[in-house]
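Chain by chain, the residues:
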Amino acid sequence: MKTHVKALIVGGGAVGTSIAYHLARGGWSDVMLLERDELTSGSTWHAAGLLPYFNMSYATSHIHDYSIKFYKTLEEETGLNPGFAVVGNLRMAQTQARMDEYMLYASTAETVGVPYEWLSPSDIKDRYPLVRTEDLKGAILHPTDGYINPADVTQAMAKGARQRGVMIERRWQVDAYYWTGDHWDVTCTKMVEKGGNLVPSDEQITIHAEHVVTATGNHSQRTARLLGIKIPAIPVEHQYIVTEPDPALVEWRASNPEHPVLRDADAKWYVREERGGWILGPYEQNAPARFEYAVPDSFRADLFPLDLERIEEEYMSMIHRIPSSETVGLKDDYNGPICYTPDGNPLLGPAPGLRNMWLAEGFSFGITAAGGTGYYLAQQMIEGEAEIDMASLDPKRYGSWMTTEYAMRKNEECYSHVFILHHPDEEREACRPLKTAPCYDRMKALGAQFGQVNGWERPNYFAPQGFDDHAARSFRRGGWWEHSVTEAKAIREAAGLIDATAFTKHVLTGPGATRFLDWFTTNKLPRVGRINLTYALTSAGTTRTEYTIVRQAEDQYYLVSAGAWQAYDADFLQKAIADKMPEFGPMVLQDVTSQYGVFALAGPNARAILAKLIRDPEPGTALSNKRFPWLSAKDIELKMCPTMAIRVAYTGELGWELHHPIEMQNYLFDQLMEAGADLGLTPVGARAQNWLRQEKSYRAFGTELGRDATPLEAGLDRFVDLSKDFHGKSAMEALGIRSKCVTLRIDGPGDADPWGREALYLADAPAGPDTKVGRLTSGGYSVAFGQSIGMGYVRPDLAVPGTKLKVRMLGELWDAEITEDSPYDPSNAAIRKDG
Ligand SMILES: Cc1cc2nc3c(=O)[nH]c(=O)nc-3n(C[C@H](O)[C@H](O)[C@H](O)COP(=O)(O)OP(=O)(O)OC[C@H]3O[C@@H](n4cnc5c(N)ncnc54)[C@H](O)[C@@H]3O)c2cc1C
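No experiment lies behind these values; they were computed from the predicted model shown.

The rules behind these values
- Residues numbered from 1 in each chain as written.
- Predicted model: local features only at pLDDT ≥ 70, side-chain atom pairs only at ≥ 80, totals over all residues.
- Heavy atoms only, no water.
- Helix = DSSP H or I, 4+ residues; strand = E, 2+ residues; numbered from the N terminus.
- Buried < 20%, exposed > 50% of the residue type's maximum accessible area, 1.4 Å probe, protein only.
- Pairing = 2+ DSSP bridges.
- Contact = heavy atoms within 4.5 Å.
- Near = heavy atom within 4 Å.
- Polar contact = N/O pair within 3.5 Å; in protein donor to acceptor, adjacent residues only side chain to side chain.
- Areas by Shrake-Rupley, 256 points an atom, 1.4 Å probe, with all protein chains shown as cover.
- Arc of directions from axis to C-beta.
- Axes fitted to C-alpha atoms, helices over the stretch in contact; angles between N-to-C directions.
- Expected span 1.5 Å × (residues − 1).
- Core = buried A, V, L, I, M, F, W, Y, C linked by side-chain atoms within 4.5 Å.
- Parallel < 35°, antiparallel > 145°, perpendicular 65-115°, else oblique.
- Left-handed = near helix turned anticlockwise from the far one by under 90°.

**Digging into the environment of I382**
- Along the polypeptide, I382 turns up in helix α10 (residues 366-383).
- Look at I382 and you get partly exposed, because its relative accessible area is 27%.
- C-alpha of I382 to C-alpha of E326: the two residues are 56 residues apart in sequence and 53 Å apart in space.

Below you can see the structure in the form of structure tokens.
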């Protein structure tokens, strides 16, 4: 057995096998896969094999799309038939809200190029007469997906991998990882059978691997312990049952092709045909998490006992939907562990704090995702970046605050939410509140309805006491919309206070800091006391992180980045600093996120409110343009609260960010609210802020800004200093401008705004794949223009003000026009206002 390899994959389920295959196909030789038992003996063997296209995430939709296309090619390459039955997938809707959900999803499907068809209840009845349709509103059909044999597709990928030189070794368990400084020493133990259990033998070897990928499925908690990191992937029980043949189905099949997979999302199940009978797969309530610390040795390719009572409701609803299934008996049942993560997305990408260690854990649709996962992860490993932005799957989207109980409870919630209505304004309830800013209770008393960002509770909007946020959610304008309108107007007309405590904050000090940041970021560094907006790039030249940098002293910088990405940004900075310290000199990085609270005070009255509180020898001029110009920062005293005030406003109005000691937050909050009481100061949530920033064309990280576009494509040329050398510069220039970020004013349906997932089409031609010219990445309502607004990416030749396009919303096409950047107050007169 080889002991020196370029890449070692740990785990021979569908996911690990695909990664091994794609690394070899991508050109890496010396790829080895180790499996502690047999290939597919984890969750893979008992999966139902469904390959649903339907997914609300852009990255995951790409992954699923690749898998489905790739699996269709495997037989020709390997001679092994993976058992792909392209039977189509019919997703039914019992309510208009569900149809709205499908229409929003259809937009995402169009942006990815996934085919679909709409069916009315009578279309369904005509084509699939076994389905009861009286209580349906309609359905969306994916004609090109279906199901596959999970074991066969894994074996086909394994064969393809072997043909490309991958070594696959079974019965070897990885037991320890040690990073030597330039490679991993991986201790592996030969596993043997004893009394039906799989146990370690005395035979051990060490494998030297340049890169390691863990794809250990249900064993991810053991993997986490071995690596000394946290991996919030914990399995949940998932059952499906198989019925005896249904005579009605058998008869229908005599003159029809195989029945499409059925999904009755409102009833929380999928059903597919299986040897003349049906497989019912429910996503029921109360499925428990399992293996939160480890998988017992005795659990191999095993199952849990069936819990029929738990799925009774779903069973009855299958009988309702397919009446002929009432009389057929049960033939078989499966209850296996299915890995989940708190948000349902896998954990895919570089491991936190470690070099050349890649995680591919937490797959709940691992058969569907395996192909694309292998393809895009191999791109990332071989070329440095994948062609799609993988940030939403990155393992570092969870920080070190994550615990076992949190992961268990969130994963159970996520499982039970598979088929709920996925409103874009959804907020999930489990494990909350957990991380709260000190002023949480005060904001709650003012009617705050909270969302969560990186675990922090952050107000989305404020509404009268007793307001039911759950009932207010919608695919159109939800019940909260009017409150956000009021808040957005308050900022444009008087003043608003936004809690931005969740911002990620780092302080970098030391003799190497200036040269490091100059290399690390695209913009010129600010002078002492000034700030700038700047970007750190990936090695592929795309945007990795956006920073607001405050230069606090010659060698001291305060870096502010997006709240959702604390661990992701910290890891990137730490690794880059460690790499560059020898070249640039000593530096110390501190994550001060939870030391400072942040309030953003914005609006025409912001200065007057602060003037009441500021303690300064000359308070009359302390906040003037002369003494406190736009884009500068100062340590000020707001009565008894020492505050670093930064003159910026993400809303496009006169404003300051007030970074304050978190332990004084309540004091400052009370002072500000009191000072603003007669000046129209209104607490404002994240939703209104999101609308306002689009009126100013301010790009947001995670939507307009990500690893699939460069800052030049994002239209941020003014923050990129091409006269200096910086990380990723030549790669950025080589990429050119593939698409361009624009802002659009949209004449939408009147009861809905775009969410930022919609496809954009040419205005003067029928909508179709050939006339699709881009997609929205953000959307909302503009109080300044009284219409919908959005931001997105379009073909570069179209990115000129005045271009008319169409946007797909709720199944129809609506007029959209590209505006100048910053359609509201393009000269920044409001922000720069003196006083
Ligand atoms: C009842 C049920 C139905 C399902 N239906 C579907 C479906 O229809 N469609 C779909 O897409 N998904 C489905 N799934 C989910 C799917 O099974 C999983 O997402 C998928 O199998 C995950 O694959 P994996 O490779 O990540 O993990 P696994 O298949 O669990 O593979 C991990 C492997 O790693 C090995 N391993 C672990 N630790 C070590 C170590 N230290 N050293 C060496 N080897 C190690 C394990 O032995 C195991 O073989 C279903 C799951 C269940 C339970």
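**A few points about the pairing of strand β28 (residues 655-661)**
- Most of β28 sits out of view: seven of its seven residues are buried.
- Judged from the seven bridges that link them, strand β25 (residues 596-602) and β28 form a sheet pairing that is antiparallel. Each bridged residue has a counterpart across the sheet, and for F599 the counterpart in β28 is L658.
- Examined bridge by bridge, strand β27 (residues 641-646) and β28 share three bridges and lie antiparallel to one another.

**A word on the side chain of T223**
- As for its position among the elements, T223 is in helix α7 (residues 220-227).
- If we ignore the near neighbours within four places in the chain, the residues touching T223 are T214, T216, I231 and E361.

**Things to note about the site of the ligand**
- Around the ligand there are 37 residues in total, and E35, T44, F363, G366 and T368 lie nearest to it.
- Here an oxygen atom of the ligand and a backbone polar atom of V15 are 3.0 Å apart.
- Contacts to the ligand include G42, whose backbone N or O atom sits 3.4 Å from an oxygen atom.
- Protein chains bury 98% of the 1000 Å² of accessible surface belonging to the ligand in isolation.
- Elements supplying a minimum of two residues to the shell around the ligand: α1 (14-25), β2 (31-35), β7 (172-179), β10 (234-243), β14 (330-340) and α10.

**Things to note about α7**
- Three or more residues of α7 are buried, namely S220, Q221, T223, A224 and L227. Seen end-on, α7 carries its buried residues on one side only, within an arc spanning 155°.
- In this structure, the buried residues of α7 make contact with β7, β9 (197-214), β10, β14 and β16 (357-361).
- Directly after α7, the chain includes G228, whose backbone phi takes a positive value near 70°.

**Looking at the sheet that holds β27**
- Read from one edge of the open sheet, six strands run β26-β27-β28-β25-β19-β29, paired in mixed fashion. The open sheet has two edge strands with one neighbour each: β26 (633-638) and β29 (681-684). Averaged over all adjacent pairs, the angle separating strand axes in this sheet is 30°, with direction ignored.
- Helix α16 (residues 606-613) rests against β19 (495-499), β25, β26, β28 and β29 of the sheet, and its axis sits at about 35° to β28.

**Quick look at helix α17 (residues 665-676)**
- Compared with an ideal rise of 1.5 Å per residue, which puts 12 residues at 16 Å, α17 spans 16 Å between its outermost C-alpha atoms and is within 8% of the ideal.
- Burial in α17 covers these residues: Q665, L668, F669, Q671, L672, M673, A675 and G676.

**A few points about the sheet that holds strand β23 (residues 556-561)**
- Read from one edge to the other, the open sheet built from five strands follows the order β21-β22-β23-β20-β24, with strand pairing classed as antiparallel. Because the sheet does not close on itself, it has two edges, and the strands there are β21 (531-537) and β24 (588-591). The mean angle between the axes of side-by-side strands here comes to 30°, regardless of whether they run parallel or antiparallel.
- Direction of pairing for strand β20 (residues 504-509) relative to β23: antiparallel, over a ladder of six bridges.

**Brief notes about the nonpolar core**
- By size, the foremost hydrophobic cluster in this structure holds 79 residues, and its most contacted members are L23 and Y71.
- What Y71 contacts, discounting residues up to four positions off in sequence, is L51, P82, F84, I148, V153, M157, I367, T368, A370 and G371.
- Core analysis: the second largest hydrophobic core is formed by 35 residues, Y177, I234, A351 and M402 among them.

**Quick notes on the environment of Y376**
- Its location among the elements puts Y376 in helix α10.
- Each C-alpha atom of the pair Y376 and V174 lies 24 Å from the other, and the pair is 202 residues apart in sequence.
- Ignoring any residue separated from it by four or fewer positions in sequence, one finds Y376 in contact with H62, I63, Y66, A386, E387, I388 and M390.

**What to know about the packing of α16 against α17**
- Where α16 contacts α17, the two axes come as close as 9 Å, and the packing angle between them is 120°. Of the possible angle classes, the one that applies to α16 and α17 is oblique. Handedness of the α16/α17 crossing: right-handed. Where α16 abuts α17, its residues I609, L610, K612 and L613 lie against Q671, L672, A675 and G676.

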